[in-house]
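Descriptive structure summary
So the chains spell out like this:
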Amino acid sequence: MNESIAAFLGRAIAAQYAMPPRIPRRVPVQPVLVCPHCKTVTHGYRFEMREGHGIEAHHCACCHRDVVPIWSAVSHPADWSTV
Ligand SMILES: [Zn+2]
């Protein structure tokens, strides 16, 4: 134990900087339209009127019927039996 504390710390810090940083690999997630209540992916229906105006309606497959969807990267599949 002849090594001084300063030498030990210097060696430890040098070893710490020599190691490559650990960066977790992340999969980019695209946000999807989901039900604001249960985060289930909604089914969208688009209707075209005679005047050329479009109406878009979204239906929650879970139990909330017609909803105004939100964009979210967190979502549940519309069919829970596949989980
Ligand atoms: Zn819902």
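Below you will find a few notes about this structure. Note that this is a predicted model, so its numbers are computed, not measured. (Residues numbered from 1 in each chain as written. Predicted model: local features only at pLDDT ≥ 70, side-chain atom pairs only at ≥ 80, totals over all residues.)

**Here we look at the overall build of the chain**
Assigned secondary structure in the chain consists of 1 helix and 5 strands. When its helices and strands are written in sequence order, the chain yields α-β-β-β-β-β. Taken along the three principal axes of its C-alpha coordinates, the chain extends 90 × 35 × 20 Å. Expressed as a percentage of its 83 residues, the buried residues of the chain come to 8%. The long-range share in the chain, meaning contacts at least 24 apart out of those at least 6 apart in sequence, stands at 51%. (Helix = DSSP H or I, 4+ residues; strand = E, 2+ residues; numbered from the N terminus. Buried ≥ 20, exposed ≤ 12 C-beta atoms within 10 Å, placed from the backbone. Contact = placed C-beta atoms within 7 Å.)

**Quick word on helix H1 (residues 5–18)**
The end-to-end C-alpha distance of H1 is 20 Å, a good match for the 20 Å that 14 residues give at a rise of 1.5 Å each. With 0 of its 14 residues buried, H1 lies for the most part at the surface. (Expected span 1.5 Å × (residues − 1).)

**Regarding the environment of histidine 59**
Tracing the backbone shows histidine 59 in strand S3 (residues 54–60). Distance in space between the C-alpha atoms of histidine 59 and valine 34 is 9.4 Å, their sequence separation being 25 residues. Each residue touching histidine 59, except ones within four places of it in the same chain, is listed here: Thr42, His43, Arg65 and Asp66.

**Here we look at the sheet that holds strand S4 (residues 65–67)**
Read from one edge to the other, the open sheet built from 3 strands follows the order S2-S3-S4, with strand pairing classed as antiparallel. Each edge of the open sheet is held by one strand with a lone partner, namely strand S2 (42–48) and S4. Strand-to-strand twist in this sheet, taken as the mean axis angle between neighbours without regard to direction, amounts to 40°. (Pairing = 2+ DSSP bridges. Axes fitted to C-alpha atoms, helices over the stretch in contact; angles between N-to-C directions.)

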